[in-house]
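Remarks on the overall topology
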Amino acid sequence: MEDSKIVDLYWARSEQAIEETAAKYGKYCRTISYNILANSADAEECVNDTYLHAWNSMPTHRPTMLAPYLAKLTRWLSLTRLRSGSALKRGGGELAAALDELAGTLDSGADTEKQLELRELNRAVRRLLDGLDKTERDVFLARYWYLAPLAEIAEKSGFTESKIKSMLHRTRKKLLRQLKEEGLC
């Protein structure tokens, strides 16, 4: 079923909207959540919460693209659950590894009061992504937005893990250079 038809079902308050969402995007949302939480039960709960949040938000909000909308909800709910502590005790998925990789990009010695506003950093990352070729952008987003393991990215892209690590390293260096040039780091 087309996304616009699924959104119409949400607006019509039809329970079929959730069934159609689960059929089309269930695996996609579970993958995002599992990459963050590393626990199937927690991931499944977050996906169910995603459907609930979509149900509650649709009468007033009409997403133009359903997949990114659901991904954003799933990611936010999974990260919230991770921060709550229950998932951290079970390992926390790929989040810690991905954040460690990005840690060298930002000035860790900066006073938290004076750190970059999230909006400025967001714009800088968007500008970087706009300047990358499709492959680099897809690999960067897979790792740092979807928090996919390196092995999974390598398998899906057809590159070796070593190649993926190298691409990510170069992209992080580009990001750091851009942040320094813009005075954001």
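Data block above holds the structure.
Residues numbered from 1 in each chain as written. Predicted model: local features only at pLDDT ≥ 70, side-chain atom pairs only at ≥ 80, totals over all residues. Heavy atoms only, no water.

**Overview of the packing of aromatic side chains**
Both the distance between ring centres and the angle between the ring planes are used here to describe each pair of aromatic rings. Taken as a whole, this structure holds four aromatic pairs when the rule is applied. Their ring planes at 55 degrees and their centres at 6.2 Å tell us that Tyr28 and Tyr146 sit as a pair that is tilted. In this pair, Tyr28 is assigned in helix α2 (residues 16-37) and Tyr146 in the loop between α7 (134-144) and α8 (150-157), connecting sequence segments 118 residues apart. By relative accessible area, which is 29% here, Tyr28 ends up partly exposed. Within the aromatic cluster, the residues linked to one another by ring pairs are Tyr25, Tyr28 and Tyr146. The ring of Trp55 carries the charged tip of Arg13 above its face, separated from the ring centre by 4.0 Å. (Phe/Tyr/Trp six-rings, centres within 6.5 Å; stacked < 30°, edge-to-face > 60°. Helix = DSSP H or I, 4+ residues; strand = E, 2+ residues; numbered from the N terminus. Buried < 20%, exposed > 50% of the residue type's maximum accessible area, 1.4 Å probe, protein only. Lys NZ or Arg CZ within 6 Å of the ring centre and 35° of its normal.)

**Notes on the nonpolar core**
Counting 18 residues, the largest nonpolar core has Val139, Phe140, Ile153, Ile164, Leu168, Leu175 and Leu179 as its most contacted members. Where this core is concerned, the elements lending two or more residues are α6 (118-131), α7, α8 and α9 (161-181). With five residues, α9 is the single largest residue contributor to this core. The next biggest cluster of nonpolar side chains, apart from the first, holds 17 residues, and it includes Ala17, Val47, Trp55 and Leu73. (Core = buried A, V, L, I, M, F, W, Y, C linked by side-chain atoms within 4.5 Å.)

**Considerations on α7**
By the burial criterion, the buried members of α7 are Glu136, Val139, Phe140, Ala142, Arg143 and Tyr144. Looking at where α7 begins, the residue whose side-chain oxygen comes 3.1 Å from the main-chain nitrogen of Thr135 is Asp133. (Polar contact = N/O pair within 3.5 Å; in protein donor to acceptor, adjacent residues only side chain to side chain.)

**With respect to the pattern of salt bridges**
Enumeration over the complete set of coordinates arrives at eight salt bridges. Across the pair Glu44 and Arg30 runs a salt bridge, and its minimum N-O distance is 3.9 Å. Note that Glu44 is positioned in helix α3 (residues 40-57) and Arg30 in helix α2, a separation of 14 residues in sequence. Assessed through its relative accessible area of 31%, Glu44 is described here as partly exposed. Asp42 is paired through a salt bridge with Arg81; the nearest N and O atoms lie 3.3 Å apart. Note that Asp42 is positioned in helix α3 and Arg81 in helix α4 (residues 66-83), a separation of 39 residues in sequence. Taking relative accessible area as the criterion, Asp42 reaches 5% and is therefore assigned buried. (Salt bridge = Lys/Arg side-chain N within 4 Å of Asp/Glu carboxyl O.)

**Section: α9**
Structurally, the α-helix is built with 3.6 residues per turn, so residues lying three or four positions apart point the same way. Here α9 contains 21 residues, and its C-alpha end-to-end distance of 30 Å stays within 8% of the 30 Å for a straight helix at 1.5 Å per residue. Restricting attention to buried positions, one finds in α9 the residues Ile164, Met167, Leu168, Thr171, Arg172, Leu175, Gln178 and Leu179. Summarising the axial view, the buried residues of α9 lie within an arc of 135 degrees, below the 170-degree limit, and thus occupy one face. Of the residues in α9, the exposed ones pointing more than 90 degrees away from the buried face are Ser162, Lys180 and Glu181. Looking at the residues trailing α9, positive phi occurs at Gly183, about 70 degrees. (Expected span 1.5 Å × (residues − 1). Arc of directions from axis to C-beta.)

**What about unusual backbone geometry?**
The backbone of Arg13 shows a phi angle near 60 degrees, a positive value even though the residue is not glycine. The residue Arg13 is located in the loop between α1 (3-11) and α2 in this model. Although it is not a glycine, Ala38 sits at a positive phi angle of roughly 55 degrees. The residue Ala38 is located in the loop between α2 and α3 in this model. For Ala38, a relative accessible area of 28% translates into the label partly exposed.

**Regarding the side chain of Arg75**
Secondary-structure assignment places Arg75 in helix α4. Of note is the side chain of Arg75, whose polar atom sits 2.6 Å from the backbone oxygen of Trp145. Beyond its immediate stretch of four places on either side in the chain, Arg75 contacts Ile32, Ile36, Tyr144 and Trp145. (Contact = heavy atoms within 4.5 Å.)

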